[in-house]
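Breakdown of the fold
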Amino acid sequence: MNPPDIIVTDAPEAADLAVVSDSLDRFNIDASGIADRRPLAVLARDPLTGKTLGGITGRTSLGLLFLDVFFLPEALRGSGIGSRMLQMAEAEGGRRGCRAAVLYTISFQAPEFYKKHGWREFGTIPCDPPGTSRIFLTKDLQPAT
């Protein structure tokens, strides 16, 4: 077999991403015997238009809830909606059998919001702009019985 061409791109095709993700999922299933990877989204939608205004995206896999992205528009912040959405994501993780959750945020985003909800910091990595860090957080969950 000839060696593959190696490319770097900032515009991968959805099919390319699926090959990588699905192949790793297959490897994990073969190694662990557990086939439980599932996407997760908690969405805030406009009640009149149905348009998504913000939300949480992530996934569950091998007993962990991963929160990847959480965004709410400024007008919805501070209203309790974000807290409710985070609690809903955590509860769904527990229903899926997750024992813990992980995420990262940036120091200028919302580390205190997560800490207020019982998340604890387990690492930081400096990033740009200078003086800014990515903050890694975790929280123990109660799997549904």
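Everything here concerns the structure above.
One numbering rule holds for all chains: residues counted from 1, following each sequence as written. Only residues with pLDDT of at least 70 get local features here, since the model is predicted, and only at 80 or more are side-chain atom pairs given and counted; chain-wide, interface and lining totals rely on the full set of residues. Note: side-chain values were computed over all heavy atoms of the structure, leaving out hydrogens and water.

Attention shifts here to the overall build of the chain. The secondary structure content of the chain amounts to three helices and six strands. Once the C-alpha set of the chain is aligned to its principal axes, its extents read approximately 60 × 45 × 40 Å. Put simply, the chain has 145 residues, and 30% of those count as buried. By definition, residues are in contact when any of their heavy atoms lie within 4.5 Å. Restricting to contacts in the chain with at least 6 residues of sequence separation, those with at least 24 account for 50%. Each accessible area is a Shrake-Rupley result for a 1.4 Å probe, and residues are judged covered by the shown protein chains and nothing else. Of the roughly 10,000 Å² of accessible surface on the chain, a fraction of 57% belongs to carbon and sulfur atoms. We count Lys and Arg on the positive side and Asp and Glu on the negative side, and we leave His and both chain ends out. Where a charge lies is defined by one atom per residue type: Lys uses NZ, Arg uses CZ, Asp uses CG and Glu uses CD. Taken together, the 16 basic and 17 acidic charged side chains of the chain have centroids lying 9 Å from each other. Each helix is a run of H or I in the DSSP string that is no shorter than four residues. Each strand is a run of E no shorter than two, and both are numbered from the N terminus. Three labels apply to residues, based on accessible area from a 1.4 Å probe with only protein chains included: buried if under 20% of the type maximum, exposed if over 50%, partly exposed otherwise in between.

A separate point is the side chain of serine 61. By the element assignment, serine 61 lies in strand E2 (residues 52-61). Relative accessible area serves as the criterion here: at 14%, serine 61 is assigned to the buried category.

Here a cavity denotes a set of grid points, spaced 1 Å apart and computed over the protein atoms alone, in which a 1.4 Å probe fits but from which it cannot get out, and a pocket denotes an open set meeting protein on both sides within 12 Å along at least five of seven lines; residues with an atom within 4 Å of a point are reported as lining. Grid points are joined across faces, edges and corners, and a volume is the space filled by probe spheres set on the points. Applying the stated criterion across every chain yields a total of one cavity of 30 Å³ or more. Broken down by element, the residue count for the lining of the largest cavity peaks at three residues, all from helix H1 (residues 14-32). Residue classes follow a fixed rule: Ala, Val, Leu, Ile, Met, Phe, Trp, Tyr, Cys and Pro count as nonpolar, while Asp, Glu, Lys and Arg count as charged, and any other residue, Gly among them, counts as polar. Of the residues assigned to the lining of the largest cavity, the class counts are four nonpolar, two polar and three charged.

With that settled, consider the packing of aromatic side chains. Each Phe, Tyr or Trp ring (for Trp, its six-membered ring) is paired with any other whose centre lies within 6.5 Å, and the angle between the two planes then decides the class: stacked below 30 degrees, edge-to-face above 60, tilted in between. Within this structure, the stated rule accounts for six aromatic pairs. Taking 5.2 Å as the distance between ring centres and 75 degrees as the angle between the ring planes, the aromatic pair formed by phenylalanine 113 and tyrosine 114 counts as edge-to-face. You can call phenylalanine 113 partly exposed: its relative accessible area is 22%. Ring centres of tyrosine 114 and tryptophan 119 lie 6.0 Å apart, and the angle between their planes is 70 degrees; on these two criteria the pair is classed as edge-to-face. As far as the burial class goes, tyrosine 114 and tryptophan 119 line up, both buried.

With that settled, the discussion passes to H1. Working rule for helices: expected span equals 1.5 Å times residues minus one. The terminal C-alpha atoms of H1, which comprises 19 residues, lie 26 Å apart, in line with the 27 Å expected from a rise of 1.5 Å per residue. At the exit of H1 stands glycine 33, carrying a positive phi of roughly 75 degrees.

The next subject is the pattern of salt bridges. For this document, the term salt bridge refers to a Lys or Arg side-chain nitrogen within 4 Å of an Asp or Glu carboxyl oxygen. With the rule as written, the count across this model stands at eleven salt bridges. The closest approach of N and O atoms between glutamate 74 and arginine 77, which form a salt bridge, is 3.3 Å. Residues joined by salt bridges that share partners form a network here, namely Asp22, Asp25 and Arg37.

Now for the sheet that holds strand E3 (residues 64-71). In space, the six strands of this open sheet follow the order E1-E2-E3-E4-E6-E5, with mixed pairing throughout. Every other strand in the sheet has two partners, leaving strand E1 (38-45) and strand E5 (120-127) as the edge strands with one partner each. Here the strands of the sheet are splayed against their neighbours by 20 degrees on average, with no regard to which way each runs. Pairing between strands is defined by DSSP: at least two bridges between the two strands are required. Across seven bridges, E5 lies against strand E6 (residues 132-140) in antiparallel orientation. Where helices are involved, their axes are fitted lines through C-alpha atoms of the stretch in contact, as for all axes, and angles between N-to-C directions lie from 0 to 180°.

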